[in-house]
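Inside the fold
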Amino acid sequence: MAEIIKKLPVLPSERALKVISGRWKAIVLYHLFDRPKRLSELRRLIPAVSQKVLIQQLREMEEHGLVHRKIFREIPPRVEYSATTLGVSLEPVLLALCEWGQRHAAELNEVDHVADCVIRPRKGDNRAMP
């Protein structure tokens, strides 16, 4: 991990953007917020991403401490990915980015071209849905 951290920018906002940048990282985290998932489940939830790219994005997020990979020693081996506490702490940030994206679309009269911002509450979480 030291090699990865050496490559990260010194400016905190630039560092944050570097860690979460990537076409699929925010989407993967979104799907991991509620519970751990296997690679095959993530592939079904995000059909537009190739397995190679998905694995690459998961590895980068694991190296940056956003995702935890748990290997179950069984036959055949099973692997589950989950958002770490640090990864879950990005939930309000990603929601804010989504809301800003909606505001941006509204300013450009493109509201019909964007989706709703939905962050699903985790089990045992009593927050109201946005």
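Described below are features of the structure shown in this document. Position numbers for residues start from 1 in each chain and track the written sequence from start to end. Totals for whole chains, interfaces and linings use every residue, but because this is a predicted model, local features are given only for residues with pLDDT of at least 70 and side-chain atom pairs only at 80 or more, for both listing and counting. Excluded from the side-chain calculations are hydrogens and water; all other atoms, namely the structure's heavy atoms, are used.

1. Regarding the overall build of the protein chain
- Scanning the protein chain from N- to C-terminus turns up seven helices and three strands.
- Secondary structure elements in the protein chain, listed N-terminal to C-terminal, are α-α-α-β-α-α-β-β-α-α.
- Under the scheme applied here, a residue whose accessible area is under 20% of the maximum for its type counts as buried, over 50% as exposed, and between as partly exposed, the area being computed with a 1.4 Å probe on protein chains only. For the protein chain, the proportion of its 130 residues judged to be buried stands at 29%.
- In the protein chain, the proportion of contacts linking residues at least 24 apart, taken out of those at least 6 apart, comes to 46%.
- Shrake-Rupley sampling with a 1.4 Å probe provides the accessible areas, and residues are treated as covered by the protein chains on show and by no other component. When the accessible surface of the protein chain is split by element, carbon and sulfur atoms take 56% of a total near 9,000 Å². Numbering goes from the N terminus for both helices and strands, where a helix is a DSSP run of H or I of at least four residues and a strand is a run of E of at least two. Residues are treated as being in contact if the distance between any of their heavy atoms lies within 4.5 Å.

2. Examining the pairing of strand 3 (residues 78–83)
- Where strand 1 (residues 37–38) meets strand 3, two bridges bridge the pair, whose relative direction is antiparallel. By the bridge assignment, arginine 38 is partnered in strand 3 with glutamate 80.
- As judged from the six bridges shared by strand 2 (residues 67–72) and strand 3, these two strands associate in the antiparallel manner. Paired with isoleucine 71 across the strands is valine 79, a residue of strand 3.
- Between any two strands, pairing holds if DSSP finds at least two bridges. Hairpin connection, strand 2 to strand 3: the antiparallel pair is bridged by five residues.

3. A closer look at the pattern of salt bridges
- Note on definitions: salt bridges are taken to be side-chain nitrogens of Lys or Arg within 4 Å of carboxyl oxygens of Asp or Glu. Scanning the entire structure with this criterion turns up six salt bridges.
- Aspartate 34 serves as the salt-bridge partner of lysine 37, at 2.8 Å between the closest nitrogen and oxygen.
- The exposure class of lysine 37 is buried, given its relative accessible area of 3%.
- Between glutamate 80 and arginine 78 there is a salt bridge, with its nearest N and O atoms 3.2 Å apart.
- If you follow the salt bridges from partner to partner, you end up with Glu74, Arg78 and Glu80 in one network.

4. Quick look at the nonpolar core
- Take the buried residues of types Ala, Val, Leu, Ile, Met, Phe, Trp, Tyr and Cys, join any two whose side-chain atoms come within 4.5 Å, and each joined set is a nonpolar core. Counting residues in each nonpolar core, the largest one holds 22 residues, and the members touching the most others are Val28, Leu29, Leu58, Leu66 and Val67.
- Every element with two or more residues in this core is listed here: helix 2 (12–20), helix 3 (25–32), helix 4 (39–45), helix 5 (51–63) and strand 3.

5. Here's the deal with the sheet that holds strand 2
- Here we have three strands laid out as an open sheet, ordered 1-3-2, and antiparallel in their pairing. A single partner strand is all that each edge strand has here, and the edge strands are strand 1 and strand 2.
- Axes here mean lines fitted to C-alpha atoms, for a helix over just the part in contact, with angles spanning 0 to 180 degrees between N-to-C directions. Contacting strand 1, strand 2 and strand 3, helix 3 crosses the sheet at an angle of about 100 degrees to strand 3.

6. So, the packing of aromatic side chains
- Each Phe, Tyr or Trp ring, with Trp reduced to its six-membered ring, pairs with another whose centre is within 6.5 Å; inter-plane angles below 30 degrees give stacked pairs, above 60 give edge-to-face pairs, and intermediate values give tilted ones. If you walk through the whole model with that rule in mind, you get zero aromatic pairs.
- Two limits define a charge over a ring: the Lys NZ or Arg CZ must be within 6 Å of the ring centre, and within 35 degrees of the ring normal. Of note, arginine 78 hangs over the ring of phenylalanine 72, and the distance from its end group to the ring centre comes to 3.7 Å.

7. Structural notes on the side chain of lysine 37
- Tracing the chain through its elements places lysine 37 in strand 1.
- Non-local contacts of lysine 37, meaning those with residues more than four positions away in its chain, are made with His31, Leu32, Leu42, Leu45, Glu80 and Tyr81.

8. Section: the packing of helix 3 against helix 5
- Where helix 3 meets helix 5, the closest approach of the two axes is 10 Å, and the angle between their N-to-C directions is 75 degrees. For the element pair helix 3 / helix 5, the angle class is roughly perpendicular. Facing helix 3, whose interface residues are Lys25, Val28 and Leu29, helix 5 presents Leu54, Gln57, Leu58, Glu60 and Met61. Under this scheme an angle from 65 to 115 degrees is roughly perpendicular, one under 35 degrees roughly parallel, and one over 145 degrees roughly antiparallel; angles in between are oblique.

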